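A look at the structure
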Amino acid sequence: MQCLQANFRLDSCSSCARSQHHRTEAGSSGSVGGSSSATSSNLVVVVNKRSKGCALRLSSFGRVIDGNRQIFSSKYAKKYGRKERWAGTVVEATVASKQELVGIQDSGDKYTDEERVGVLLLNLGGPETLDDVQPFLYNLFADPDIIRLPRLFRFLQRPLAQFISTLRAPKSTEAYASIGGGSPLRRITDEQAEALSKALEEKNLPARVYVGMRYWHPFTEEAIEQIKADGITRLVVLPLYPQFSISTSGSSLRLLESIFREDDYLVNMQHTVIPSWYQREGYVQSMASLIIKELEKFERPEEVNIFFSAHGVPVAYVEEAGDPYKAEMEECVELIMREVKTRGVLNKHVLAYQSRVGPVEWLKPYTDDTIVELGKKGVKSLLAVPISFVSEHIETLEEIDVEYRELALESGIKNWGRVPALNCDPTFIADLADAVIEALPYVGAMAVSNLEARQSLVPLGKVEELLATYDTQRRELPAPVAVWEWGWTKSAETWNGRAAMLAVLALLVLEVTTGQGVLHQWGILPLSR
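Here is what the cut-offs are and how they apply
- Residues numbered from 1 in each chain as written.
- Predicted model: local features only at pLDDT ≥ 70, side-chain atom pairs only at ≥ 80, totals over all residues.
- Heavy atoms only, no water.
- Core = buried A, V, L, I, M, F, W, Y, C linked by side-chain atoms within 4.5 Å.
- Buried < 20%, exposed > 50% of the residue type's maximum accessible area, 1.4 Å probe, protein only.
- Contact = heavy atoms within 4.5 Å.
- Salt bridge = Lys/Arg side-chain N within 4 Å of Asp/Glu carboxyl O.
- Helix = DSSP H or I, 4+ residues; strand = E, 2+ residues; numbered from the N terminus.
- Axes fitted to C-alpha atoms, helices over the stretch in contact; angles between N-to-C directions.
- Parallel < 35°, antiparallel > 145°, perpendicular 65-115°, else oblique.
- Left-handed = near helix turned anticlockwise from the far one by under 90°.
- Phe/Tyr/Trp six-rings, centres within 6.5 Å; stacked < 30°, edge-to-face > 60°.
- Lys NZ or Arg CZ within 6 Å of the ring centre and 35° of its normal.
- Polar contact = N/O pair within 3.5 Å; in protein donor to acceptor, adjacent residues only side chain to side chain.
- pLDDT = per-residue confidence, 0-100.
- Expected span 1.5 Å × (residues − 1).
- Pairing = 2+ DSSP bridges.

Formed by 62 residues in total, the largest nonpolar core has its most connected members in L200, Y283, I291, F308, I336 and I387. Discounting residues that sit within four places of it in the chain, Y283 has contacts with P242, Q243, W277, Y278, C332, I387, L422, F428 and D431. If you look at the next biggest cluster of nonpolar residues, it comprises 24 residues, including F141, I147, Y176 and I394.

Encoded structure:
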């Protein structure tokens, strides 16, 4: 560990003297520190060298710090702390002035009374009663990040959402009835928020934790109003999705962006976003521990196939819009299985995607198809791992526990198990608290990630800059496949889906323009007078 200043002198920071440096995501020690008497704007860099041959050049303000092939301009560090990860080297920088130092875990530093720290947990939301199911589905399908219509047909977003939600409501209501009459997501997320608040308090960071749901109460707008009422001055936005996707974290962050732009208080409030955290050591260890615990319940644990089931997204999101979800999911599974193997468990594993909706192509392999295929191959024991969910809800309690379990038994799989969601797992909650503490020095910092040269550590940043990085194309997505392919091919599946969508759009246009038709007779659209 080296502590260096811009003037090439070793820094006698109090944290170094006490050897109290907080963990980085790489699992090593490193922190931003400075002497308590420092009042000048000297750049303090803590370098944790993880590989040989990675030289750093340090100079005064106005010049650059470079590591390997990437350059980090120190002019951005004059006011804000920044972290970059360059091919095996972690570099942290901040201004070592007494006023700008941020208390970190184990340092014993306290935040001032004038500074009010808030944490906003973002999640999907879910209907709490059976009467909530249809309006919840409407909110879901009215989101343009869930159903992306061509610009010419954007005016049909709400009628289409009404149509789909009405058609799907009966089946969805039956599913929610089978798990107790509503989603437990709000209750569990509230419990996670309370647990996170206590964990932060134990780590000397008093902070208020808020819950903002995208499609049901408490809506994100409600959480923001409470944040304003409480006078929060520094906010860490933490989506409860381990992996980033345009359709989950991206949708919530886009909503936040629109809210921030319209409110003077929010414009001036410092904030940062943790876009994804699947690579964090605490999360990976928690998942590995749950998997091993469930494996031990089988009569022959060594014969069990570990079956990771992730929520799917349309292929076009990944191939055309640049959604990093698939890459992050695959890396996440690799990290978890690596941890599992270090504990002496060498079971086979597979990753598949569930919950596809509509006629378009989604990420493959599909969960249901994979279960059938594993049964044909003679697999007799299967342990399902809901990898993209940190809370129990409809897709774990009904889709996995009921639908996929029945399918597995029908396919010849004799022994079925399922890893529970993390919920309020102590290691998981403690790691989220560490993530919040580590994010605070970067409140207000600029996002610098490059989608085409992604790194395993996703930088922190402001909402609007994060969205600009991850969602580069908002226009109509081009065709991802060749036009003139015949047979049951990827092209055929895509174009069949488009034909079905055009038929639905034509029906809606006819209904809206004439004021008559089947949808009006069913009461989905109001009858014309």
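Further notes follow.
Glancing now at the pattern of salt bridges. Scanning the model with the defined rule gives 23 salt bridges in all. Where K198 meets E194, a salt bridge forms, and the shortest distance between an N and an O atom there is 3.6 Å. One end of the pair, K198, and the other, E194, are both in helix α4 (residues 185–202), four residues apart, so they sit about a helical turn from each other. For E194, a relative accessible area of 47% corresponds to the partly exposed category. We note a salt bridge from R261 to E257, for which the minimum N-O separation is 2.9 Å. On the criterion of helical spacing, the pair formed by R261 and E257 is a turn pair, its members being four residues apart in helix α6 (residues 246–261).

A few words now on the packing of helix α5 (residues 220–229) against α6. In the contact formed by α5 and α6, the axes pass within 11 Å of each other and the chain directions differ by 45 degrees. The orientation of α5 relative to α6 falls into the category oblique. For the pair α5 and α6, the sense of crossing is right-handed. Within the contact between the two elements, α5 uses T220, E221 and I224 and α6 uses L255, L256, I259 and F260.

With that out of the way, let us pick up the packing of aromatic side chains. This model, assessed by the stated rule, comprises three aromatic pairs. Here the aromatic rings of W216 and F219 are separated by 6.2 Å at their centres, their planes lie at 65 degrees, and the arrangement is edge-to-face. As far as burial versus exposure is concerned, W216 and F219 are alike and both buried. Between W277 and F428, the ring centres sit 5.8 Å apart and the planes meet at 35 degrees, which makes this aromatic pair tilted. Taken together, the residues W277 in the loop between β11 (270–273) and α8 (281–295) and F428 in helix α13 (residues 426–439) connect sequence positions 151 residues apart. For W277, a relative accessible area of 1% translates into the label buried. Put simply, the rings of W277, Y283 and F428 pair up and form one aromatic cluster. The ring of Y366 has R356 lying over it, and the distance from NZ or CZ to the ring centre is 3.8 Å.

The next point concerns the side chain of E438. Relative to the helices and strands, E438 is located in helix α13. Within the structure, the side chain of E438 is placed 3.1 Å from the side chain of R280, a separation counted as a polar contact.

Another aspect to go through is the confidence of the model for the protein. Taken as a whole, the protein shows an average pLDDT of 74; of its residues, 65% reach a score of 70 or greater. In the predicted structure, residues 1–112 sits below a pLDDT of 50 and forms 235 contacts with residues beyond four places in sequence or in another chain. In the model, residues 471–492 has pLDDT below 50 throughout and makes 39 contacts with residues more than four positions away in sequence or in other chains.

Across its 14 residues, α13 extends 20 Å between first and last C-alpha, which sits within 8% of the 20 Å expected from 1.5 Å per residue. Extensive coverage of α13 is indicated by the burial of eleven of its 14 residues. Restricting attention to buried positions, one finds in α13 the residues F428, I429, D431, L432, A433, D434, A435, V436, I437, E438 and A439. Summarising the contacts, the buried residues of α13 are in contact with β8 (117–123), α4, β10 (234–239), β11 and α8. Put simply, D425 is the residue that caps the front of α13, since its side-chain oxygen is 3.2 Å from the backbone nitrogen of T427.

Moving on: the sheet that holds β8. Taken in spatial order, the four strands line up as β9-β8-β10-β11 in an open sheet, and their pairing is parallel. The open sheet has two edge strands with one neighbour each: β9 (207–213) and β11. Within this sheet the neighbouring strands show an average axis-to-axis angle of 20 degrees, counted without direction. As paired strands, β10 and β11 are joined by four bridges and run parallel to one another. Within β11, the position partnered with V237 by the bridge is V273. This element, α13, spans β8, β10 and β11 of the sheet and lies at about 135 degrees to β10.

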